[in-house]
Every structure is written in C-alpha cells, then in structure tokens.
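Results of the structural survey
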Amino acid sequence: MALLTKQIPRTLTALSRSSSFSGSGCLDHTVTRILEGLRNGQRASLAEAITLVETSHPKKKEQAKQLVSQVLHDARQRQYALGTKSFSFRLGLSGPPGAGKSTFIERFGKFLTSQGHKVAVLAVDPSSATTGGSLLGDKTRMPELTTDKNAYIRPSPSRGHLGGVTRSTNEAVVLCEAAGYDIVIVETVGVGQSEFSVADMVDMFTLLIPPGGGDELQGLKRGIMEMSDLIVVNKSDGDLVAAAHRMQYEYISALKYIRSRNKQWKAPVKRVSSVTGEGIEELWEILQKYRKTMENSGDFLSRRQTQQKSWMWTHLNENLMSVFMQTYGMKQILKERERQVMLGMISPGDAADSLLQEFLKTINQSK
Ligand code: GDP
C-alpha cells in the first residue's frame, strides 16, 4: 500500500508539472542551447532535438516538452507576422514496400533543394515500432540526399509502439520547421494503421504505387484512397510505361466512386519515373497548385488546426496508457486478463471493463 500511494502521485505530479509550462519563463540550459542551434538552422541541434523528443527518460522528457512549447511559441509569432506564408509544406507519402518511395524521395528531394528549398524527411515505420525490424530501412536508402547540406533525413525511432512513434514524429515535424526546413516529407509504408496517423499530421497526403497487374488496386484499402490528395504511379519508364498508363486509368476510374477529402480538390493521378526524373517537375507544380487552392479556401489553415487536435489526442492516449501501465499492480492484472481472454474464459469487453475498474479503484485508494 505504501508503494501504491507513492507510485500514482509521482506519475500524476510529473504530468501536471510538465503541462504547466507556458512557452516562456525559465528554460533549462540544454533547452536554451538546442533552441539557439535550431534557430541557426544547425543540423546537429536538430538531430539532438529529435532524439530528445523520442526519449522516455523523465528528465529529458521534461526538457523535450519545454523545447516543443518554445518552438510552437516561436511558430505562432511567425504566423502572426506572416499568416499561412510562414507555414512549411508537410507532405505525407505512403506506398507498399518496393513502390520506389526512397528512390522517389531522393529524386524529388534533390529537385527541391536545387530550387533553393530545405527538405526534411521523417519516417514512420510501423515494423520498427513493433518488432525493431524495418520495412523502410535506414538512411542509406537515399545516399545523395543524405549528403545534401539542405536536406535532413531521419529514420523512424526503432523503439516504442506506433502511438509513441506518431507523437514523436508530430514533434519532429515542428522541430524541422524551427530549423528552417520549408518542406517536410513524412514517409510511411502502406501497412497497418501508420498511413492514417501520417495523414493526420500532413497538409497533403500522397499515395505512391508501382505499375502492376491491378491486384494491388483490389487489395488496396479504400480508406487510403479516400484520404489521398494525390496518387503517383511511379516507374513510368522503359518497359513499364504501358503498365503505368493502365494503372493510371484504373485509378482515375476507381476515384470516380470515392468521395474526395476536399470539395475544392479532386485527387489527380500522375505518372512519374524516379529513375529518369520524368514528371517530377510537373508534380511540384501540382503541389503548389494544391497549396494555393487550399490556402484560398481556408482549408489549409483548418487542416493545420485539425492536425493540432489529433496531436493532442495522441499525447492523451500515450499519457493515459503510461499512467495505466505504471500504476502499481496493473501489469500483473493485465497479464492475467490477457491470459483469460486468450483461453476464452472471459470476453475481451468484460476484461477491458474489469481492467478499467481495477485501475480506477487503485487510483481512488491512493487518494
Ligand atoms: P521503397 O521500398 O518503396 O522505398 O522502394 P525503393 O525506392 O527501394 O525501390 C524499389 C526498387 O524499385 C528498386 O530496385 C529501385 O531501383 C526501383 N525503382 C524505384 N523507382 C523506380 C523508377 O522510377 N523506375 C524503375 N524502373 N525502377 C524504380
């Protein structure tokens, strides 16, 4: 009981202490140093900042919160002065393994930096989150972009569940922006739920597909097409051109039966070759047109506001789970309920209800 009463207040106090920071006031030394580096666009500071938001160490978590609050505060100031012009462009990119995502990002990223942009690439890899393995691989996937001084590539955190990875990616996006990156690409593999998380944190969501026999289209989740603002058929070169054309038409007709995410924007289907570079420049024109359309209709800003809201929910879910798991005795009870559910001794719904009751009882006892 003594342990129990100590445990909960400590977790809850840590939460309340960290949420009391308002974006100003006395900053930790490390936070001040990293902020300075970010404001000067230093890549080493950006890397350090992202490592900080990925940590689970309590003191560093506290520093990460201060840093993100301050960065958001700065971003608000820029927004007051410049409106939506101060915003970067957040581009989500999803596609099955082998579609050519890294080849595409390398080609597109190099094109953007040659036009004077600063490009950050962040990865959300559901496989690395759950198994420590990787469907997206690491930095070596984009050798040229990696050495470009106007690009920053960050692989997915290799630990933690998808919720944690989503939360830290949300934070990494604003840190990249604070370091002066005006285009942030968030890449994920079209497996599991990760593309839904990514769609919630970007201004434009793009689906990249390889030309194929059409099976892909059938197998493709309808949901991912509904949330796509652009579909890119990659590998439209050499012997694959005819297949890429077929794929393009199939997608155009499939999209006729799908409600688009926005009234003012119907998702175009474009063919590119990441190897020859064909279609890449045209794609950039489409992205700019999209941004203009969305800005004029007010949807750009409202999507940003929705992004903030889902970011809050990600935090809340993560914090609730963390309090739940750290509450004395819950881990054992959880294990037991899991066992009972697997053996069919208790229904999953009843097990969840009983876990919540146990949790609330423990919290009440500790008061
Ligand atoms: P990812 O798993 O989606 O990141 O796919 P990769 O970028 O690793 O590409 C998978 C394979 O497709 C590699 O062998 C690439 O060389 C090839 N590839 C990627 N883009 C193109 C393209 O535009 N044309 C052709 N012909 N091959 C491509």
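Up top is the structure these notes are about.
A brief report on the enclosed structure follows. (Residues numbered from 1 in each chain as written. Predicted model: local features only at pLDDT ≥ 70, side-chain atom pairs only at ≥ 80, totals over all residues. Heavy atoms only, no water.)

Focus: the overall build of the protein chain
What counts is decided by this rule: Only DSSP runs of H or I reaching four residues or more are called helices, and only runs of E reaching two or more are called strands; each is numbered from the N terminus. Accessible surface area values rest on a Shrake-Rupley calculation with a 1.4 Å probe, where residue burial reflects the displayed protein chains alone.
Regarding its fold elements, the protein chain presents 16 helices and seven strands. By element, 55% of the accessible surface of the protein chain is carried by carbon and sulfur atoms, the whole surface being about 18,300 Å².

Regarding the sheet that holds strand S1 (residues 89–95)
As a reminder, the rule being used: Note on pairing: two strands pair once DSSP finds at least 2 bridges between them. Angular values range over 0 to 180 degrees, each being the angle between N-to-C directions of two axes fitted as lines to C-alpha atoms, with helices fitted over their stretch in contact. We call two residues in contact whenever any of their non-hydrogen atoms come within 4.5 Å of each other.
Strand order across the open sheet formed by seven strands is S3-S2-S4-S1-S5-S6-S7, with parallel pairing between neighbours. Each end of this open sheet is capped by a strand with a single partner; those strands are strand S3 (151–154) and strand S7 (269–271). Each adjacent strand pair in this sheet contributes to an overall mean axis angle of 20°, direction not counted. Where strand S5 (residues 204–209) lies against strand S6 (residues 230–233), four bridges are found, and the strand directions are parallel. By the bridge assignment, leucine 208 is partnered in S6 with valine 232. Packing of helix H5 (residues 101–114) onto the sheet brings it into contact with S1, strand S2 (119–124), S3, strand S4 (183–189) and S5, and relative to S4 it is tilted by some 175°.

Quick notes on the nonpolar core
General note: in soluble globular proteins, nonpolar side chains tend to be found buried as a group. Going by this rule: Here, nonpolar core refers to any group of buried Ala, Val, Leu, Ile, Met, Phe, Trp, Tyr and Cys residues whose side-chain atoms link them within 4.5 Å. Burial classes follow relative accessibility: with a 1.4 Å probe on protein chains only, a residue under 20% of its type's maximum area counts as buried, one over 50% as exposed, and anything between as partly exposed.
Of all hydrophobic cores here, the largest spans 48 residues; its most connected members are Leu38, Leu46, Leu67 and Leu175. A per-element tally of this core places helix H8 (residues 162–178) first, with seven residues. Residues within four places of leucine 175 in sequence aside, it is in contact with Leu38, Leu46, Ala49, Ile50, Val53, Leu67 and Val71.

Here we look at the pattern of salt bridges
As a reminder of what qualifies: When a carboxyl oxygen of Asp or Glu is within 4 Å of a side-chain nitrogen of Lys or Arg, the pair counts as a salt bridge.
According to the stated counting rule, one finds 15 salt bridges in the structure shown. Its salt-bridge partner being arginine 303, residue aspartate 229 comes within 3.1 Å of it at the nearest N-O pair. Here aspartate 229, found in the loop between helix H11 (222–226) and S6, pairs with arginine 303, found in helix H14 (residues 299–326); they are 74 residues apart in sequence, far enough to count as distant. Of the two residues, aspartate 229 and arginine 303, neither departs from the other in class, the shared state being buried. Residues joined by salt bridges that share partners form a network here, namely Arg167, Glu171 and Glu318.

Here's the deal with the packing of aromatic side chains
Here the distance between the centres and the angle between the planes together describe a pair of aromatic rings. In plain terms, the rule: Stacked, tilted and edge-to-face are the three classes assigned to paired rings of Phe, Tyr and Trp, where Trp is represented by its six-membered ring and a pair needs centres within 6.5 Å; plane angles under 30 degrees give stacked, over 60 edge-to-face, the rest tilted.
Tallied over the full model, the rule gives seven aromatic pairs. The interplanar angle of 15° and the centroid separation of 5.4 Å between the aromatic rings of phenylalanine 104 and phenylalanine 108 together place this pair among those described as stacked. On the criterion of helical spacing, the pair formed by phenylalanine 104 and phenylalanine 108 is a turn pair, its members being four residues apart in helix H5. Exposure remark for phenylalanine 104: the relative accessible area of 3% places this residue in the buried category.

Description of the site of the ligand
The condition that has to hold: Proximity is defined per residue: if any heavy atom of the residue lies within 4 Å of a molecule or strand, that residue is considered near it. Throughout this description, a polar contact denotes any pair of N or O atoms lying within 3.5 Å of each other; where both atoms belong to protein, one of them has to be capable of donating a hydrogen while the other can accept it, and for residues adjacent in sequence the pair is counted only when both atoms sit in side chains. Polar here means any residue other than Ala, Val, Leu, Ile, Met, Phe, Trp, Tyr, Cys and Pro, which are nonpolar, and Asp, Glu, Lys and Arg, which are charged; Gly is therefore polar.
Near the ligand lie 15 residues; those nearest to it are Gly98, Lys101, Thr103, Asp237 and Ser274. Glycine 98 places a polar main-chain atom, nitrogen or oxygen, 2.8 Å from an oxygen atom of the ligand. Between the ligand and serine 274 there is a distance of 2.8 Å, counted from an oxygen atom to a backbone nitrogen or oxygen. Looking at the shell around the ligand residue by residue, the classes come out as four nonpolar, seven polar and four charged.

Observations regarding the environment of isoleucine 185
Tracing the sequence through the fold places isoleucine 185 in strand S4. Under the relative-accessibility criterion, isoleucine 185 is labelled buried at 2%. Spatially, the C-alpha atom of isoleucine 185 lies 8.6 Å from that of valine 202, the residues being 17 residues apart in sequence. What isoleucine 185 contacts, discounting residues up to four positions off in sequence, is Leu91, Leu93, Ile105, Phe108, Val119, Ala120, Val121 and Leu122.

With respect to unusual backbone geometry
In this structure, lysine 235 is a non-glycine residue whose phi angle is positive, near 65°. Relative to the helices and strands, lysine 235 is located in the loop between S6 and helix H12 (241–255).

Section: H14
This is how the line gets drawn: Multiply 1.5 Å by the residue count of a helix minus one, and that product is the helix's expected span.
Between its terminal C-alpha atoms H14 stretches 40 Å, which fits the 40 Å expected from 28 residues at 1.5 Å a residue. For H14, the set of buried residues is Asp299, Phe300, Arg303, Arg304, Gln307, Ser310, Trp311, Thr314, Glu318, Val323 and Phe324.

Quick word on the pairing of S2
Among the six residues of S2, six are classified as buried, and the element is accordingly described as predominantly covered. As defined by bridge partners, S2 adjoins S3 across four bridges and the pair is classed as parallel. Looking at the pairing, valine 119 lines up with alanine 151 of S3. In the sheet, S2 pairs with S4 via six bridges, with the strands oriented parallel. Counterpart to valine 121 in the pairing with S4 is isoleucine 185.

Regarding the pairing of S4
Burial runs high along S4: seven of the seven residues are buried. Both S1 and S4 contribute to a ladder of seven bridges, which runs parallel. If you follow leucine 93 over to S4, its bridge partner there is glutamate 187.

Considerations on the side chain of threonine 206
By the element assignment, threonine 206 lies in strand S5. In this structure, threonine 206 is in contact with Leu91, Gly92, Leu93, Ser94, Leu230 and Val232, ignoring residues within four places of it in sequence.

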